[in-house]
Amino acid sequence: MKVAIVHYWLVNMRGGEKMLEALLEMFPQADIFTHVYDPSSVSDLINSHRVLTSKIQKLPFAKKMYQIYMPLMPNALMDFDLRSYDLVISSESGPAKGVVPGPNAYHLCYCHSPMRYVWDMYHDYLGGANPVVRLFMKSLIPGLRVWDITSANMVDRFVTNSNYVAKRIARIYKREAEVVFGPASIEKYLEIPRKPQDYYLFFGQLTGYKRADLAIEACVKSGRKLIVAGSGASKKILAKNKKNTGIQFIGRVSDAEVSGLLSGARALIFPGIEDLGLVPIEAQAAGCPVIAFGEGGAIDTVKDNITGIFFNEQTAASLADALDRFEAAEKEGRFNNRAVFTEHVRQFSRNAFKQRMQKMLDERKRV
């Protein structure tokens, strides 16, 4: 069976690229099709495959500024001749699913999210853009929306990473999507010894929707210690909090440092809304409880009052209340059973992902 995997772009190694690696393990003979490819930014496993790019690859500064070419990507997908492939798997977050498979091919789309800048986060991107980009967005996005909905008709079956995204797919594309979690790299965290210390942890890029500001404000006002790990700290955030000795910014960290932070944190604070969120899964694999905003992928990944605590309003006051409830439960020993954490996270493992994806493919039906 000839297999083609269409991935939106290959310029870094994030959750979508980790999923691509798992698919390549399932189909070692697969060819990869993508808009932009930077071999220096992806794994050896991806580089070991044949990678074909669209005409976007040849545009100026495409490896760094690929997103500005997004309006051109639907047309660029027409470059890909997939007539000889029996199975086409599109990995959709940017334009990818709009390819045209052969008449007898089966097209499965793993939709990480309908394009955020076209749909639910359109106004966020528009507000942060300069006047020229805003002008182009207002003129081009309506056409992209029409194309995005129409291209969903080329998909035999949708699969996605959380119930949260499945609802968006149903609303936008009017299609049912099967939920297949992961894949998360849980194995390297399962054996980490748990040695809680007196600090909470925020881990992730310090971009707006991650809501590091809520974690910082809640801990400052309640006198709790917080370690903020991750790149992207804005000067504004740093300047505002540099005098708060209970808040420690440590920037980008290595894998070994992440393990140590998860081992020692009382809990991970996860105040944003994400489609799934791999960091809470990895934290729980390390036996670290998660205090999360009760919306988005966290509803799937965290078990309330068993592996973590939810707060219901995206405010510092609501988060501080959750911290109080967590510490009361912590004193009762509610989060001390490591086996409960391990059992919960196994459903997000790489092997579980591959087994469920194989099941989807074995069924080969249109949904």
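Placed above this text is the structure.
The sections below set out a description of the structure shown in this document.

1. Let's talk about the overall build of the chain
Across its full length, the chain carries 16 helices and 13 strands. Computed over its C-alpha atoms, the radius of gyration of the chain comes to 21 Å, within 12% of the 21 Å expected for a compact globule of 367 residues. Along the longest, intermediate and shortest principal axes, the C-alpha atoms of the chain span 60 × 50 × 40 Å. By residue count, 54% of the 367 residues in the chain fall in the buried class. If you sum the accessible surface of the chain, you get close to 16800 Å²; carbon and sulfur atoms cover 52% of it. For the chain, the distance from the average position of its 48 positive side-chain charges to the average position of its 38 negative side-chain charges is 4 Å.

2. Concerning the packing of aromatic side chains
One pass over the full model with this rule turns up 10 aromatic pairs. Ring centres of Trp9 and Tyr66 lie 4.8 Å apart, and the angle between their planes is 45°; this geometry places the pair in the tilted category. Of this pair, Trp9 sits in the loop between strand S1 (3–7) and helix H1 (15–26) while Tyr66 is found in the loop between helix H3 (62–65) and helix H4 (73–76), placing the two residues 57 residues apart along the sequence. Residue Tyr66 is classed as buried on the basis of its relative accessible area of 12%. With 5.5 Å between their ring centres and 20° between their planes, Phe158 and Tyr173 make a pair best called stacked. Note that Phe158 is positioned in strand S6 (residues 157–160) and Tyr173 in helix H7 (residues 163–173), a separation of 15 residues in sequence. Cluster of aromatic residues (ring-pair linked, three or more members): Tyr8, Trp9 and Tyr66. It is Arg145 that lies over the ring of Trp119; its NZ or CZ is 5.5 Å from the centre.

3. Focus: the nonpolar core
Counting residues in each nonpolar core, the largest one holds 43 residues, and the members touching the most others are Phe158 and Leu201. Among the elements that line this core, the one with the most residues is H7, at five residues. Ranked by size, the runner-up nonpolar core spans 28 residues in total, among them Val6, Met70, Met73 and Val99.

4. Quick look at the environment of Lys174
Along the chain, the position of Lys174 falls in the loop between H7 and strand S7 (177–179). With relative accessibility at 65%, the residue Lys174 sits in the exposed group. Within the structure, the side chain of Lys174 is placed 2.7 Å from the backbone oxygen of Arg171, a separation counted as a polar contact.

5. A closer look at the sheet that holds S1
Here we have seven strands laid out as an open sheet, ordered S3-S2-S1-S4-S5-S6-S7, and parallel in their pairing. Each edge of the open sheet carries a strand with a single partner, namely strand S3 (51–53) and S7. Each strand of the sheet is rotated relative to its neighbour by a mean of 25°, with strand direction disregarded. Bridging between S1 and strand S4 (residues 87–92) involves five bridges; their strand directions are parallel. Bridged to His7 within S4 is Ser91. Packed onto the sheet, H7 meets S4, strand S5 (106–111), S6 and S7 and runs at close to 145° relative to S6. Strands S4, S5, S6 and S7 of the sheet are contacted by helix H16 (residues 350–363), whose axis makes an angle of about 145° with S5.

6. Observations regarding the packing of helix H12 (residues 278–285) against helix H15 (residues 338–345)
Put simply, H12 and H15 touch, their axes get as near as 8 Å, and they point 140° apart. Looking at the two axes, H12 sits oblique to H15. Contact residues: H12 offers Ile281, Gln284 and Ala285, while H15 offers Arg338, Phe341, His344 and Val345. Of the residues assigned to the contact of H12 with H15, the class counts are four nonpolar, two polar and one charged.

Conventions and cut-offs
- Residues numbered from 1 in each chain as written.
- Predicted model: local features only at pLDDT ≥ 70, side-chain atom pairs only at ≥ 80, totals over all residues.
- Heavy atoms only, no water.
- Helix = DSSP H or I, 4+ residues; strand = E, 2+ residues; numbered from the N terminus.
- Rg over C-alpha atoms; globule rule 2.2 N^0.38 Å.
- Buried < 20%, exposed > 50% of the residue type's maximum accessible area, 1.4 Å probe, protein only.
- Areas by Shrake-Rupley, 256 points an atom, 1.4 Å probe, with all protein chains shown as cover.
- Lys, Arg positive; Asp, Glu negative; His and termini not counted.
- Charge placed at Lys NZ, Arg CZ, Asp CG, Glu CD.
- Phe/Tyr/Trp six-rings, centres within 6.5 Å; stacked < 30°, edge-to-face > 60°.
- Lys NZ or Arg CZ within 6 Å of the ring centre and 35° of its normal.
- Core = buried A, V, L, I, M, F, W, Y, C linked by side-chain atoms within 4.5 Å.
- Polar contact = N/O pair within 3.5 Å; in protein donor to acceptor, adjacent residues only side chain to side chain.
- Pairing = 2+ DSSP bridges.
- Axes fitted to C-alpha atoms, helices over the stretch in contact; angles between N-to-C directions.
- Contact = heavy atoms within 4.5 Å.
- Parallel < 35°, antiparallel > 145°, perpendicular 65-115°, else oblique.
- Nonpolar A, V, L, I, M, F, W, Y, C, P; charged D, E, K, R; others polar.

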